[in-house]
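What follows is each chain in one-letter form.
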Amino acid sequence: MNGPARPTVCSIVLVTAGLSQPSSTRLLGDRLAAATDRHLRDDGLEPRVTTVELRDHARDLVNHLLTGFASPELQAVIDEVHAADGLIAVSPIFSASYSGLFKLFFDVLERGGLAGVPTLLAATGGTARHSLAIEHALRPLFAYFNAATVPTGVFAASEDWGASGMTAEAGLSERIDRAARELASAVAAREPRRRPDRFADPVPFEELLRSPDAFGTDRG
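Since this is a predicted model, take the numbers as computed values, not measurements.

Time to look at the overall build of the protein. If you tally the helices and strands in the protein, you get seven helices and seven strands. Taken over 220 residues, the protein has a buried fraction of 45%. Within the protein, residue pairs in contact and separated by at least 24 positions form 79% of the contacts whose partners lie at least 6 positions apart. Accessible surface for the protein amounts to roughly 11,400 Å². Of this, 52% is attributable to carbon and sulfur atoms.

Below, the structure is given as structure tokens:
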């Protein structure tokens, strides 16, 4: 006798570029991931949430850009993102744009690695004046990757947070829930992705030596 069908497992990857520990960027990412997890379970899916703190991979990212080769730890993170069914990307806003660390990571991804992937964009900043950075900086970056960004982006300014990291502003909680619901709906509407096999179609070593762009980025 067959038992009840097991829920479909889906992979959600949270990429956060906060520089301090703890950081408001990670805090916002955790709130978004928790809300997405809840909505996915409501849809009958079993989410597996992985958090990537880019500050832990900063040196490996620089080395990758300089040499064209990723460390095993960084490669595991890249593979996790390329295999994600949904992505949550959160950056602090510096000088009206995403941080250098945030851009550094997405510089080493394959351009087609995020094509069609449901993606939630979020950012943090000192004041609400930086909120437009999601639309004029983050969204064009992910359009380049052909990611399927959800309509609602979430920005959290310093005044949005209360004591102990709780959301002080009801509007922020509503935006988090709305964006998470959009991401969960987009993930639920797609077939789960298969983890890509990097060794299925290897680049010949001679080609690696000839082409500076064969490593996934033109290092100029």
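We now examine the pattern of salt bridges. This structure, assessed with the given rule, holds eight salt bridges. Here Lys-103 and Asp-107 are joined by a salt bridge, their closest N and O atoms 2.5 Å apart. Of this pair, Lys-103 and Asp-107 are both found in helix H4 (residues 100-107), four residues apart, which corresponds to roughly one turn of the helix. Assessed through its relative accessible area of 27%, Lys-103 is described here as partly exposed. Take Asp-107: its relative accessible area is 28%, and that puts it in the partly exposed class.

In this section: the environment of Arg-190. With respect to the helices, strands and loops of the structure, Arg-190 is situated in the loop between helix H6 (170-188) and helix H7 (205-210). Look at Arg-190 and you get partly exposed, because its relative accessible area is 31%. Each residue touching Arg-190, except ones within four places of it in the same chain, is listed here: Gly-116 and Pro-118. Within polar-contact distance, the side chain of Arg-190 engages the backbone oxygen of Gly-116 at 2.8 Å.

Here we take up the confidence of the model for the protein. On average, the protein scores 86 in pLDDT, and the residues at 70 or more come to 80%. Mean pLDDT in the protein bottoms out at H7, which sits at 58, and peaks at strand S6 (residues 148-149), which reaches 98.

We now examine the packing of aromatic side chains. A complete count under the given rule lists eight aromatic pairs for this structure. Geometrically, the ring pair formed by Tyr-98 and Phe-102 is tilted, given 5.9 Å between the ring centres and 35° between the ring planes. The same class applies to Tyr-98 and to Phe-102, which are both buried. Following the ring pairs from residue to residue traces out a cluster consisting of Tyr-98, Phe-102, Phe-105, Phe-106, Phe-142, Tyr-144 and Phe-145. Its guanidinium or amino end placed over the ring of Tyr-144, Arg-111 lies 4.2 Å from that ring's centre, counting from NZ or CZ.

Turning to the nonpolar core, a few remarks are in order. Val-15, Leu-87, Phe-102, Phe-105, Phe-106, Leu-114 and Phe-142 are the most contacted members of the largest nonpolar core, which totals 36 residues. Contributions of two or more residues to this core are made by strand S1 (8-16), helix H3 (72-82), strand S3 (86-94), H4, strand S5 (118-125), helix H5 (133-144) and strand S7 (154-157). By residue number, the principal contributor to this core is H5, which donates six residues. For Leu-114, the residues in contact, after removing those within four places along its chain, are Val-81, Leu-87, Phe-106, Leu-109, Phe-142, Phe-145, Asn-146 and Ala-147. Membership of the second largest hydrophobic core comes to 24 residues, among which are Ala-35, Ile-176, Ala-180 and Val-187.

What follows concerns the packing of helix H2 (residues 58-67) against H3. At a minimum axis distance of 9 Å, the contact between H2 and H3 shows a crossing angle of 90°. Between H2 and H3, the angle is such that the two are roughly perpendicular. Of the residues in H3, those in contact with Asp-60, Leu-61 and His-64 of H2 are Glu-73, Leu-74 and Ile-78. Looking at the contact of H2 with H3, its residues break down into three nonpolar, one polar and two charged.

Attention now goes to the pairing of S7. Of the two faces of S7, both are covered, the one formed by Val-154 and Ala-156 as well as the one formed by Phe-155 and Ala-157. Two elements, S5 and S7, share four bridges in a ladder whose sense is parallel. When the sheet's bridge partners are listed, Gly-125 is paired in S7 with Ala-157.

Moving on: H3. With eight of its eleven residues buried, H3 lies for the most part within the structure. Three or more residues of H3 are buried, namely Leu-74, Gln-75, Val-77, Ile-78, Asp-79, Glu-80, Val-81 and His-82.

Relative to the elements of secondary structure, Thr-16 occurs in strand S1. Filtering out sequence-adjacent residues up to four positions away, Thr-16 remains in contact with Thr-25, Arg-26, Thr-51, Val-52, Glu-53, Leu-54 and Val-90.

Parameters and conventions
Residues numbered from 1 in each chain as written. Predicted model: local features only at pLDDT ≥ 70, side-chain atom pairs only at ≥ 80, totals over all residues. Heavy atoms only, no water. Helix = DSSP H or I, 4+ residues; strand = E, 2+ residues; numbered from the N terminus. Buried < 20%, exposed > 50% of the residue type's maximum accessible area, 1.4 Å probe, protein only. Contact = heavy atoms within 4.5 Å. Areas by Shrake-Rupley, 256 points an atom, 1.4 Å probe, with all protein chains shown as cover. Salt bridge = Lys/Arg side-chain N within 4 Å of Asp/Glu carboxyl O. Polar contact = N/O pair within 3.5 Å; in protein donor to acceptor, adjacent residues only side chain to side chain. pLDDT = per-residue confidence, 0-100. Phe/Tyr/Trp six-rings, centres within 6.5 Å; stacked < 30°, edge-to-face > 60°. Lys NZ or Arg CZ within 6 Å of the ring centre and 35° of its normal. Core = buried A, V, L, I, M, F, W, Y, C linked by side-chain atoms within 4.5 Å. Axes fitted to C-alpha atoms, helices over the stretch in contact; angles between N-to-C directions. Parallel < 35°, antiparallel > 145°, perpendicular 65-115°, else oblique. Nonpolar A, V, L, I, M, F, W, Y, C, P; charged D, E, K, R; others polar. Pairing = 2+ DSSP bridges.

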